[in-house]
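The lines below spell out each chain.
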Amino acid sequence: MMKKNKWLDDGNAGQATRALHSGEMATDARENSPAMFVTSSFVFTSAAQAKAVFAEEESGNIYSRFTNPTVAAFEERLAALEGGERALATASGMAAIHAIFFSFLAAGDHLVVSRSVFGSTTNIATGILPRFGIQVDQVPLADPEAWRRAVRPNTRLFMVETPANPTLEMVDLAELAAIARGNNILLAVDNVFSTPCLQQPLKLGAHLVAHSGTKYLDGQGRVLGGAVVGSRSLLMGSLYPFLRNTGPTLSPFNAWVLLKGMETLPLRMDKHCENAEAVARYLESRPELAGAVRYPGLASHPQHELAKRQMRRFGGVVCLELGSRERAWAFIDRLRLATITANLGDSRTLVTHPATTTHGKLSEEARLAAGITQGLVRLSIGLEDSADILADLDQALVAL
Ligand SMILES: Cc1ncc(COP(=O)(O)O)c(C=O)c1O
């Protein structure tokens, strides 16, 4: 294997160049597009070499649960985009978040997690971790005092999502990182909604970034995947042994799809943002939706100033608060271009009713505490012509 591109060596390449060229390797066949190593194990030329590679006296691949060249290329590309030393790939976003919890927490430790996070993250934190003797507190994402008050001598980890799914609530990452670092606590940030093109949590002081590659990194709704990004010492010291032994491994095929998807990530994110900005402005201009539109790029978003400071643009997700489940469902069912599905970050416009799908397993009380009402509709704005997206929304609003 040889490194194909020398341009990145000085570390000054821009995001679009990194997205295309980081992690590029070529075999002796001199292929241009990255090769896909669909193999479960790797061969040795002798028993002595097998022993040497297992004993880490010689570098090399052993088994695809440990390392795989296609997966390694994906990891290198994501680390380059996030500005992290290292990334480790996982089978899904939830595998990444689960791995963070189980690699950095032990019985007797305390985790503080924001109330507004993806439903499965809440379910692991409140339903699974306590069974292993881990104490968990949930706090309002945007309130730094609540994070300060939650700190105990045994607090080891803060876990947040910003902007959060689906409330689009945000936290000041630099401020939260300062609280975490002042108390010897690790800060992990789920960066799915922003992607490294819009926000780089490690540069703001976070220790770990979690990704669901299933969303914008793939960008076309094809494969599941995930990753954790951070320093080499944190990842290789704690996370790698957990992943290698427990096996939530990213398949080389999925890694290849993600690698190709990421080539257009910067371009796609700009178009997602442009279309979402147009949608948010249009919806806010409708008198019947006064106060109902949530988007970090709108001046009416309570944390718009923070969004301007912390994010390059405001992302592809726009939410509507329609007041009741009946109105939310009526609106969703009338959409003709947008498809009803539980995913987001696809090239196509998608619509979801979080209270009965992605966050459906939470109790009504937990849902409301997280700000997810029955009237909330999540729109993941795609790459279609913005005029078509607006026309679809316009005709569906008749339902209200
Ligand atoms: C913010 C966020 N984090 C994590 C996940 C989980 O990702 P995956 O479905 O790849 O496990 C999702 C999925 O919707 C998500 O929206």
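Placed above this text is the structure.
Structural notes, computed from the coordinates. (Residues numbered from 1 in each chain as written. Predicted model: local features only at pLDDT ≥ 70, side-chain atom pairs only at ≥ 80, totals over all residues.)

Turning to the nonpolar core, a few remarks are in order. Within the largest apolar cluster, 113 residues are counted, with the highest numbers of intra-cluster contacts made by F158, A188 and V228. Per-domain counts for this core show at least three residues from each of domain 1 (2-262) and domain 2 (265-399). Here F158 is in contact with V112, W147, L176, A180, I185, L187 and A188, once residues within four sequence places are set aside. (Core = buried A, V, L, I, M, F, W, Y, C linked by C-beta atoms within 7 Å. Buried ≥ 20, exposed ≤ 12 C-beta atoms within 10 Å, placed from the backbone. Domains from an automatic or database assignment. Contact = placed C-beta atoms within 7 Å.)

What follows is about the packing of helix α11 (residues 265-285) against helix α15 (residues 386-396). Between α11 and α15, the shortest axis-to-axis distance is 10 Å and the interhelical angle comes to 35°. Crossing of α11 over α15 shows right-handed handedness. Across the interface between the two elements, N275, A278, V279, Y282 and L283 of α11 pack against S386, I389, L390 and L393 of α15. Residue composition of the contact of α11 with α15, by class: 7 nonpolar, 2 polar and no charged. (Axes fitted to C-alpha atoms, helices over the stretch in contact; angles between N-to-C directions. Helix = DSSP H or I, 4+ residues; strand = E, 2+ residues; numbered from the N terminus. Left-handed = near helix turned anticlockwise from the far one by under 90°. Nonpolar A, V, L, I, M, F, W, Y, C, P; charged D, E, K, R; others polar.)

Right, let's get into the site of the ligand. Inspection of the region around the ligand gives S92, G93, M94, F118, E161, N165, D190, V192, S212, T214, L224 and G226 as its neighbouring residues. Class assignment for the residues of the shell around the ligand results in 4 nonpolar, 6 polar and 2 charged. (Near = placed C-beta within 6 Å.)

In contact at an axis separation of 10 Å, helix α4 (residues 93-104) and helix α5 (residues 119-128) are set at 25° when each is read in the N-to-C sense. Between α4 and α5, the angle is such that the two are roughly parallel. For α4 against α5, the interelement crossing comes out right-handed. Residues M94, I97, H98 and F101 of α4 lie in contact with α5, whose contacting residues are S120, T121 and I124. Of the residues assigned to the contact of α4 with α5, the class counts are 4 nonpolar, 3 polar and no charged. (Parallel < 35°, antiparallel > 145°, perpendicular 65-115°, else oblique.)

This part covers unusual backbone geometry. The omega torsion of the bond from T162 to P163 falls at -10°, within 30 degrees of zero and hence cis. Within the element layout of this structure, P163 appears in the loop between β6 (155-161) and α7 (173-182). P166 follows N165 through a cis peptide bond whose omega is 0°. As for its position among the elements, P166 is in the loop between β6 and α7. Positive phi values are uncommon outside glycine, yet E56 reaches one of about 60°. Note that E56 resides in the loop between α2 (47-54) and α3 (69-82). Using a count of 8 C-beta atoms within 10 Å as the deciding quantity, one classes E56 as exposed.

What follows concerns the environment of G225. Mapped onto the secondary structure, G225 falls in the loop between β8 (208-212) and β9 (226-230). Note on G225: 29 C-beta atoms within 10 Å, which makes it buried. Separated by 66 residues in the primary sequence, G225 and M159 place their C-alpha atoms 20 Å from one another. Filtering out sequence-adjacent residues up to four positions away, G225 remains in contact with A89, S92, G213, T214, D218, L250, N254, A255 and L258.

Bear in mind that shape data such as this cannot, by itself, settle questions of function.
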